Amino acid sequence: MAGGGVEDVYGEDRATEEQFVTPWSFSVASGHSLLRDPRHNKGLAFSEAERDAHYLRGLLPPAIVSQEHQEKKIMHNLRQYTVPLQRYIAMMDLQERNERLFYKLLIDNVEELLPVVYTPVVGEACQKYGSIYRRPQGLYISLKDKGKVLEVLKNWPERSIQVIVVTDGERILGLGDLGCQGMGIPVGKLSLYTALGGVRPSACLPITIDVGTNNQTLLDDEYYIGLKQRRATGEEYHELLQEFMNAVKQNYGEKVLVQFEDFANHNAFDLLAKYSKSHLVFNDDIQGTASVVLAGLLAALKVIGGGLADQTYLFLGAGEAGTGIAELIALEMSKHTDLPLDDCRKKIWLV
């Protein structure tokens, strides 16, 4: 037992190592089905013994190619693409057919591939998600599922979920309302949870809550994969979110982390304040970015001297990140001085 007490059923803690498929301590598909199971498929890396044990003879070319050699070939192929979106599609295809190789590639080439599976390329991928859509990733919960959200969660095959990244697609990066096509963000973010944070893929669940979109271009797009209606607001919106949050706790327990991702300002702060009292919640745009920037400021003060309260702070814009940073600076300033929080806020300007 490791990783928060969740049993490592699939051997994911050693995902980047060469491993024998046999003997299995749990049942696994064989033959044609095994080659289409991304969690266990090794491509040409299956040994002679594994090919015999799992009825793979004839289903693969005779060559046996190590994971390292496969990695070398795929990196070579990726570098041939001149269009970044082509690299994104190739990486998503790899994740869907050979999960271990996908994460080995990402871990070993993080500087080169991080911008491909996440920002900035994931932004273009979300804009064109309907056109490049191949296989479903993550869980979609829409207004059609109201009253049945718990049933929808139970359709996800994994039970030991530790992290959920959820978006409603209203403010995807700096691109605005992308509705249901915002799914690329939770999927990409959770790839980073695994590759950089060591959280097992089976413990991660990307979710998009589809309440419609106000993006007329998407509503007119024949390839749009979400609800073709204007975005729900007010009571209808909050009732669905309340049902979702209750269902998450009921299905996965109190220790599951729910990260709110790319919600619009008017909902992001309200949701964080409302559910932080009853759930383990986190907003990366508001809290994660703020903690990194504050760390940078504290490091800079060691060089230039003085304290946070000796400076005046100017922000361009007042989005989730800017407002979150400003509030954390004020809180830290108040903590280390006798100044009330309101006085600390007066040293910060958002323009």
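Remember, predicted model here, so these are calculated numbers, not experimental data. (Residues numbered from 1 in each chain as written. Predicted model: local features only at pLDDT ≥ 70, side-chain atom pairs only at ≥ 80, totals over all residues. Heavy atoms only, no water.)

## Details of the overall build of the protein
No. 1: In terms of regular secondary structure, the protein is built from 16 helices and seven strands.
No. 2: For 351 residues, the compact-globule estimate of 2.2 N^0.38 gives 20 Å, and the protein sits close to it at 23 Å.
No. 3: With the C-alpha coordinates of the protein rotated into their principal frame, the extents come out at 75 × 50 × 45 Å.
No. 4: The 351 residues of the protein split such that 50% are buried.
No. 5: Seen as two clouds, the 36 positive and the 46 negative side-chain charges of the protein have centres 3 Å apart. (Helix = DSSP H or I, 4+ residues; strand = E, 2+ residues; numbered from the N terminus. Rg over C-alpha atoms; globule rule 2.2 N^0.38 Å. Buried < 20%, exposed > 50% of the residue type's maximum accessible area, 1.4 Å probe, protein only. Lys, Arg positive; Asp, Glu negative; His and termini not counted. Charge placed at Lys NZ, Arg CZ, Asp CG, Glu CD.)

## Observations regarding the packing of aromatic side chains
No. 1: Applying the stated rule across the entire model yields two aromatic pairs.
No. 2: Ring centres of Phe-102 and Tyr-103 lie 4.9 Å apart, and the angle between their planes is 80°; this geometry places the pair in the edge-to-face category.
No. 3: Residue Tyr-103 is classed as buried on the basis of its relative accessible area of 6%.
No. 4: With 5.6 Å between their ring centres and 85° between their planes, Phe-260 and Phe-263 make a pair best called edge-to-face.
No. 5: Phe-260 sits in the buried class, given a relative accessible area of 1%. (Phe/Tyr/Trp six-rings, centres within 6.5 Å; stacked < 30°, edge-to-face > 60°.)

## Focus on unusual backbone geometry
Trans peptide bonds make up the majority, and among non-glycine residues the majority have a negative phi.
No. 1: Geometrically, the link from Thr-119 to Pro-120 is a cis peptide bond, its omega value of 5° lying close to zero.
No. 2: The backbone phi angle of Tyr-55 is positive, close to 55°, even though this residue is not glycine.
No. 3: On the secondary structure map, Tyr-55 appears in the loop between α2 (48-53) and α3 (67-78).
No. 4: Since its relative accessible area comes to 62%, Tyr-55 is described here as exposed.
No. 5: For Leu-173, which is not glycine, the phi torsion reads 50° and is therefore positive.
No. 6: Note that Leu-173 resides in the loop between β2 (163-167) and α10 (184-197).

## A look at a nonpolar patch on the surface
No. 1: There is a patch of nonpolar side chains on the surface, built from Leu-314, Trp-349 and Val-351 and spanning about 400 Å² of accessible area.
No. 2: Judged by relative accessible area, which is 63%, Val-351 ranks as exposed. (Patch = residues over 30% accessible without salt bridge, like charges linked within 9 Å, V, L, I, M, F, W, Y side chains within 5 Å. Areas by Shrake-Rupley, 256 points an atom, 1.4 Å probe, with all protein chains shown as cover. Salt bridge = Lys/Arg side-chain N within 4 Å of Asp/Glu carboxyl O.)

## Let's talk about the UniProt feature "domain: Malic enzyme N-terminal" (unreviewed entry) in the protein
No. 1: Here the UniProt feature "domain: Malic enzyme N-terminal" (unreviewed entry) sits at residues 95-276.
No. 2: Between the end C-alpha atoms of residues 95-276 there is a gap of 33 Å, over a span that is 47% helix and 11% strand. (UniProt positions renumbered as here; feature names shortened; annotations may be inferred.)

## Thoughts on the sheet that holds β2
No. 1: Taking strand neighbours across the sheet as the criterion, the five strands line up as β1-β3-β2-β4-β5 in an open arrangement whose pairing is parallel. The sheet terminates laterally at β1 (139-142) and β5 (280-283), the two strands that pair on one side only. Along the sheet, successive strands turn relative to each other by an average axial angle of 25°, direction set aside.
No. 2: Relative to β5, strand β4 (residues 257-260) runs parallel, the two being bridged by four bridges. Bridge assignment links Phe-260 to a residue of β5, and that residue is Asn-283.
No. 3: Against the sheet, α10 makes contact with β2, β3 (204-210), β4 and β5, and its axis sits at roughly 165° relative to β3, the strand it touches most.
No. 4: On top of the sheet, helix α13 (residues 265-275) reaches β4 and β5; it is set at about 155° to β5, its chief contact. (Pairing = 2+ DSSP bridges. Axes fitted to C-alpha atoms, helices over the stretch in contact; angles between N-to-C directions. Contact = heavy atoms within 4.5 Å.)

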